[in-house]
Protein chains: 2
Amino acid sequence: MATKPSIPKGTRDFSPIEMARRNYIFNTIRQVFGLFGYNQIETPSMENLSTLMGKYGEEGDKLLFKIQNSGDYFNGITDEELLTRNSLKLASKFCEKGLRYDLTVPFARFVVMHREELQFPFKRYQIQPVWRADRPQKGRYREFYQCDADVVGSDSLLNEVELIQMIDMVFSRFGVRVAIKMNNRKILTGIAEVIGQADKIVDITVAIDKLDKIGLENVNAELAEKGLPADAIAKLQPIIELNGSNEEKLETIAKVLESSETGMKGVEECRFILSNAAALGLNNELELDLTLARGLNYYTGAIFEVKALDVQIGSISGGGRYDNLTGIFGMPGVSGVGISFGADRIYDVLNQLDLYPKESVNGTKVLLLNLGQDEAAFCMKLLCDLRKAGISAEIYPDNAKMKKQMGYANGNGIQYVAIVGSDELAQGKVTLKNMESGEQQLIDAQELVSALS
Amino acid sequence: MATKPSIPKGTRDFSPIEMARRNYIFNTIRQVFGLFGYNQIETPSMENLSTLMGKYGEEGDKLLFKIQNSGDYFNGITDEELLTRNSLKLASKFCEKGLRYDLTVPFARFVVMHREELQFPFKRYQIQPVWRADRPQKGRYREFYQCDADVVGSDSLLNEVELIQMIDMVFSRFGVRVAIKMNNRKILTGIAEVIGQADKIVDITVAIDKLDKIGLENVNAELAEKGLPADAIAKLQPIIELNGSNEEKLETIAKVLESSETGMKGVEECRFILSNAAALGLNNELELDLTLARGLNYYTGAIFEVKALDVQIGSISGGGRYDNLTGIFGMPGVSGVGISFGADRIYDVLNQLDLYPKESVNGTKVLLLNLGQDEAAFCMKLLCDLRKAGISAEIYPDNAKMKKQMGYANGNGIQYVAIVGSDELAQGKVTLKNMESGEQQLIDAQELVSALS
């Protein structure tokens, strides 16, 4: 009768140890966001489909999880329409709501809906799950968390500087060495302008990105193949072979882009951000990288991407400046800039490098064994003192065999076991055992709190 | 073109101040759960409909939010079936997944799926949203949080004692005065047995509950109306007029239930729980209340319910012991006991009584004004020191009018404003203004951290 239960493909249960690790990640990110004056908001898991549809491209519309209307969802649909079996078209009749696909569109909707109550510049962060009906595969889930910080309503490049500081601080706290890569949409636009090939910018960045792997000659061949004329490829040479310090790179780029106003604006923005970040001191390297072409249709200024140096994995954080987030909802001209941390990938990185501080993932500090009713009653009083002192403590609830109780402590990674048998009870003592070292000492019951503090 | 955006009925956006308050509530509950050795788990927002259907009654099935299958959801449905327009029956063809309706069924599913990896007794807590397609109304939402702590795999009544301590500690920390009411399913069963009316137990508790309002005579009349014979009503008299201390009540009940083994077991359980809780000392009153009939089909032992004393609102926490949570998934005989905190109602109570500790809902502590590029660069350095010291601090990103910047600090409830104009910059000083008192002092820039610590 009862069938073996399962969970939907691409979703996950999180066990206590996994939750402790995830909480460590979320709390670290949250603390850094807070230190920089970003405030948390939350939006509903469900949005109206009219809010979500058409915001993520045609493919995105298909990947939205749609929620069937309650009650008679056939209402208002003719038999003829039904029999067309047009699943995409009828979805919008069967369903009015969908699950959040990212945090960006709901944030834009939030800003527009609450514009009268908000202080601009508005600095918000949001840490919530999103859902995508993607084909599940290793490291790709249908429900996963995004951690976004954005400021809207300010053009100041100090925001970019601070977001870089935040990335730097988050990964420093994790103990993960990263390269923070930066590009600027305006520089890319400038390059396209200068060589007269505005539509080829993606081909160009893709080709340049291969320089280390395939060499200059092959990069140039690829550019020619993509339809770039010889003079454009010639003009590109200094950009393709770009190297040196960020300063040196900017000098080279500035020479190439001299004639492009937009391009020079991009150079200037990069200079400001790089020099300010350098003056404040970063723990991680900040590197100008023209091959960074993340979200090209979306970003209008700085573009960021973060790579872990000691683990082979895709980008673990990224972001940039956009100029018209809220335009889709009828509130044009609001510039913003933001970053996003990929919690699931960061989790994989921290797992691989085993970087969780011990105290951050500890649960119960001490288990009091249950060796009889009177002994347990005595332990219940000790527990009150321990918890008053902020020490996570528990009693084994049943008077089970000692071996079973010790097994429970071991299985849960509890650091200490406190034993009150009849002898200890008579003397008002406790035997305290360190589960890691195996050391064991007999102490006065009143000393238990201080022994564990 | 752009339409004014909205969110689905019964859902909410949470602003920074609302989030700060909600986080204070969740964190307080989380800390108490942790102090008692409960560990956090999370389950996916979506469960297979086969996991959810039939677990909440016929009405519950209708209130499940169902997620439409991706791709061609018409697949496998004949035209004839389609034209029946049977929305309930076809829902299970269109949809394989649904949103979590509570935390209990997913927890049961979790325990059964992970039984081999878990340590029993398994003490878990879970703080996650649930979704119900209820008609939205004041105080009732379609997405809301539940905060549950349960222990499964232990019969010990020490669990009940600790759960009462946890309720007591949570509300003490909130500063909310509550009455913790307790009943026991076995006592109710005993009463029904003794008067020979097993099926009338709900009618009896409903009638008894009205004693204060309608008086003894009317209660007895109502019982007669519900079909209770005169001798049964006579036997019930001591129970209806039950009063005095918990001890006195238990003595009276024990006399009535002498002949019922189950009833006497209930009395014994109550005695153990009450005497142990009393010995440990509670801040709030724990009261035996036979009219408590919460979840009668579900609970098998102790039943808890918590009422706020200073605010008119329904129950703000509750729980009890159940004996067959995991049976529906093919794992019988696992006893458990748990409590649940109603975060949304607690939020309403704390709002009404204005009980948020100031420091718990503070965002940014100090705003550094932006009075020019050099001044801002100087401030960016000060910000590094402040954040290193754990002080939430931000700079107004744009060099806007002073009034606008001060308005931002006011609007966001920021406690201090630090002003570095050209004079201060030349002297290495900062003017620090307390936004609440209006007080203002000129200090050395190096003193800023200590002045704000």
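First things first, this report covers the structure right here in the doc. (Residues numbered from 1 in each chain as written. Chains lettered and ligands numbered in written order. Predicted model: local features only at pLDDT ≥ 70, side-chain atom pairs only at ≥ 80, totals over all residues. Heavy atoms only, no water.)

### A closer look at the overall build of chain A
- For chain A, the helix and strand inventory stands at 18 helices and 16 strands.
- On C-alpha atoms alone, chain A measures out to a radius of gyration of 29 Å, which is more than a quarter above the 22 Å that the 2.2 N^0.38 rule sets for 453 residues.
- Viewed in the frame of its principal axes, chain A has a C-alpha envelope of about 95 × 70 × 45 Å.
- At a minimum sequence separation of 6, the contacts of chain A that also span at least 24 residues come to 67%.
- Surface accessibility of chain A: about 19,100 Å² in total, with carbon and sulfur atoms responsible for 46%.
- Computed over 51 positive and 61 negative side-chain charges, the inter-centroid distance for chain A is 5 Å. (Helix = DSSP H or I, 4+ residues; strand = E, 2+ residues; numbered from the N terminus. Rg over C-alpha atoms; globule rule 2.2 N^0.38 Å. Contact = heavy atoms within 4.5 Å. Areas by Shrake-Rupley, 256 points an atom, 1.4 Å probe, with all protein chains shown as cover. Lys, Arg positive; Asp, Glu negative; His and termini not counted. Charge placed at Lys NZ, Arg CZ, Asp CG, Glu CD.)

### As for the sheet that holds strand β10 (residues 317-322) of chain A
All names here are of chain A.
- Read from one edge to the other, the open sheet built from eight strands follows the order β1-β5-β6-β11-β10-β9-β7-β8, with strand pairing classed as mixed. Looking at which strands have only one partner, the edges of the open sheet turn out to be β1 (39-40) and β8 (285-288).
- Where strand β5 (residues 122-131) meets strand β6 (residues 143-152), ten bridges bridge the pair, whose relative direction is antiparallel. Residue pairing in the sheet places Arg124 in a bridge with Asp150 of β6.
- Sitting on the sheet, helix α8 (residues 185-194) touches β7 (178-184) and β9 (302-308), and the angle it makes with β7 is about 50°. (Pairing = 2+ DSSP bridges. Axes fitted to C-alpha atoms, helices over the stretch in contact; angles between N-to-C directions.)

### Digging into the relation of the copies chain B and chain A
- You can overlay chain B on chain A at an RMSD of 0.1 Å; the transform is a turn of 180° with a shift of 0.0 Å along its axis. Those values place the two copies in the arrangement expected of a two-fold rotation axis. Looking at the rotation axis and the C-alpha trace of chain B, the residue lying nearest is B:Ile67, at 2.3 Å.
- Comparing interface residues between copies, 100% of those in chain B also sit at the interface in chain A, which points to an isologous, same-surface contact. (Least-squares fit on C-alpha atoms with pLDDT ≥ 70 in both.)

### A word on the sheet that holds strand β9 (residues 302-308) of chain B
Residue and element names in this part refer to chain B.
- On the basis of which strands lie adjacent, the open sheet formed by eight strands has the order β1-β5-β6-β11-β10-β9-β7-β8 and mixed pairing. Unpaired on one side and paired on the other, β1 (39-40) and β8 (285-288) mark the two borders of the sheet.
- Relative to β9, strand β7 (residues 178-184) runs antiparallel, the two being bridged by seven bridges. Residue pairing for β9: Lys181 is matched across the bridge by Glu305.
- The strands touched by helix α14 (residues 343-353) are β6 (143-152), β9 and β11 (336-341); relative to β6, the strand with the most contacts, the crossing angle is about 115°.

### Some words on the interface of chain B and chain A
- Counting residues at the interface gives 107 residues for chain B, matched by 107 residues for chain A.
- Summed over both sides, the interface between chain B and chain A buries roughly 8,700 Å², with carbon and sulfur atoms accounting for 59% of that surface.
- Connecting chain B to chain A are eight salt bridges.
- One salt bridge connects B:Arg109 with A:Asp13, and the closest N-O pair in it is separated by 2.6 Å.
- For the pair chain B and chain A, the interface holds 40 residue pairs in polar contact (both at pLDDT 80 or more).
- A per-element tally of the side of chain B that touches chain A places helix α15 (residues 373-388) of chain B first, with seven residues.
- A per-class count over the side of chain B that touches chain A returns 51 nonpolar, 37 polar and 19 charged. (Buried area = accessible area lost by both parts, 1.4 Å probe. Salt bridge = Lys/Arg side-chain N within 4 Å of Asp/Glu carboxyl O. Polar contact = N/O pair within 3.5 Å; in protein donor to acceptor, adjacent residues only side chain to side chain. Nonpolar A, V, L, I, M, F, W, Y, C, P; charged D, E, K, R; others polar.)

### With respect to the packing of helix α10 (residues 211-225) of chain A against helix α11 (residues 230-240) of chain A
Residue and element names in this part refer to chain A.
- As a packed pair, α10 and α11 sit with axes 11 Å apart at the nearest point and diverge in direction by 160°. The orientation of α10 with respect to α11, classified from their angle, is roughly antiparallel. Between α10 and α11 lies a crossing of right-handed hand. In contact with Leu211, Leu216, Val219, Asn220, Leu223 and Ala224 of α10, α11 contributes Ile233, Leu236, Gln237 and Ile240.
- Classifying every residue of the contact of α10 with α11 by side-chain character gives eight nonpolar, two polar and no charged. (Parallel < 35°, antiparallel > 145°, perpendicular 65-115°, else oblique. Left-handed = near helix turned anticlockwise from the far one by under 90°.)

### Quick word on the environment of B:Ile346
All names here are of chain B.
- By secondary structure assignment, the location of Ile346 is in helix α14.
- Measuring from C-alpha to C-alpha, the distance between Ile346 and Ile25 comes to 7.9 Å, with 321 residues separating the pair along the chain.
- Setting aside chain neighbours within four positions, we find Ile346 in contact with Ile25, Phe171, Phe174, Ile316 and Phe341.

### With respect to helix α13 (residues 261-280) of chain B
Residues and elements named next belong to chain B.
- Taking 1.5 Å as the rise per residue, α13 with 20 residues should run 28 Å; its terminal C-alpha atoms sit 29 Å apart, in good agreement.
- For α13, the complete set of buried residues consists of Gly263, Gly266, Val267, Glu269, Cys270, Ile273, Leu274, Asn276, Ala277 and Leu280.
- Phi for Gly281, located one or two positions after α13, is positive at around 85°. (Expected span 1.5 Å × (residues − 1). Buried < 20%, exposed > 50% of the residue type's maximum accessible area, 1.4 Å probe, protein only.)

### Some points on the packing of aromatic side chains
- What the rule picks out here adds up to 37 aromatic pairs over all chains.
- Plain terms: the ring middles of A:Phe110 and A:Phe122 are 6.1 Å apart, the flat faces sit at 10° to each other, and that makes the pair stacked. Here A:Phe122 lies in strand β5 and A:Phe110 lies in helix α6 (residues 104-113), a separation of twelve residues in the sequence. Neither residue differs from the other here; A:Phe110 and A:Phe122 are each classed as buried.
- Measuring from centroid to centroid gives 5.3 Å for B:Tyr396 and B:Tyr408, while their planes differ by 90°, and the two rings are edge-to-face. Linking B:Tyr396 in the loop between β13 (393-395) and α16 (402-411) with B:Tyr408 in helix α16, this pair joins segments that are twelve residues apart in sequence. Residues B:Tyr396 and B:Tyr408 agree in their burial class; the two are buried.
- Taken together, A:Tyr24, A:Phe33, A:Tyr125, A:Phe171, A:Phe174, A:Phe341 and A:Tyr356 form an aromatic cluster joined through their ring pairs.
- The ring of A:Tyr141 is capped by A:Arg12, whose NZ or CZ atom sits 3.4 Å from the centre of that ring. (Phe/Tyr/Trp six-rings, centres within 6.5 Å; stacked < 30°, edge-to-face > 60°. Lys NZ or Arg CZ within 6 Å of the ring centre and 35° of its normal.)

### Describing the pattern of salt bridges
- Counted by the stated rule, this structure contains 42 salt bridges over all chains.
- The salt bridge involving B:Arg22 is made with B:Asp344; its shortest N-O contact spans 3.3 Å. Note that B:Arg22 is positioned in helix α1 (residues 16-35) and B:Asp344 in helix α14, a separation of 322 residues in sequence.
- Of the charged contacts in the structure, one is a salt bridge between B:Asp310 and B:Arg177, with a shortest N-O distance of 2.9 Å. A residue pair is termed long-range when its members are at least 10 positions apart, and B:Asp310 in the loop between β9 and β10 (317-322) and B:Arg177 in the loop between α7 (158-174) and β7 qualify at 133 residues.
- By relative accessible area, which is 42% here, B:Asp310 ends up partly exposed.
- Salt bridges linked by common partners bring A:Lys181, A:Lys249, A:Glu287 and A:Asp289 together as one network.

### So, the pairing of β8(B)
All names here are of chain B.
- Only one face of β8 is covered, namely the one carrying Leu286 and Leu288; the face carrying Glu285 and Glu287 has none of its residues buried.
- As defined by bridge partners, β7 adjoins β8 across four bridges and the pair is classed as parallel. By the bridge assignment, Ala179 is partnered in β8 with Glu285.

### Some points on unusual backbone geometry
Residue and element names in this part refer to chain A.
- The linkage connecting Phe120 with the following residue, Pro121, adopts the cis geometry, with an omega of -5°.
- When you line up the elements, Pro121 lands in the loop between α6 and β5.
- Even without a glycine there, the phi angle at Arg85 is positive, about 55°.
- Within the element layout of this structure, Arg85 appears in the loop between α4 (79-84) and α5 (87-94).
- We note that Asp354 has phi near 50°; this positive angle belongs to a residue other than glycine.
- Tracing the chain through its elements places Asp354 in the loop between α14 (343-353) and β12 (366-368).
- A residue is classified by how much of its surface remains accessible, and Asp354, at 58% relative accessible area, is exposed.

### Quick word on the pairing of strand β11 (residues 336-341) of chain A
All names here are of chain A.
- Taking burial as the measure, the six residues of β11 include five buried ones, the bulk of the element.
- As defined by bridge partners, β6 adjoins β11 across six bridges and the pair is classed as antiparallel. Following the sheet pairing, Val152 is matched in β11 by Gly336.
- Of the pairings in the sheet, the one linking β10 to β11 comprises six bridges and is antiparallel in character. Within the sheet, the bridge partner assigned to Gly318 lies in β11 and is Ser340.

### Points about the packing of helix α1 (residues 16-35) of chain A against helix α7 (residues 158-174) of chain A
Residue and element names in this part refer to chain A.
- Remark: α1 packs on α7, axes separated minimally by 10 Å, with the N-to-C direction vectors making an angle of 145°. Here α1 and α7 pass one another in a crossing that is right-handed. Residues Tyr24, Ile25, Thr28, Ile29, Gln31, Val32, Phe33 and Leu35 of α1 form the contact with α7, whose participating residues are Met166, Met169, Val170, Arg173 and Phe174.
- A per-class count over the contact of α1 with α7 returns ten nonpolar, two polar and one charged.

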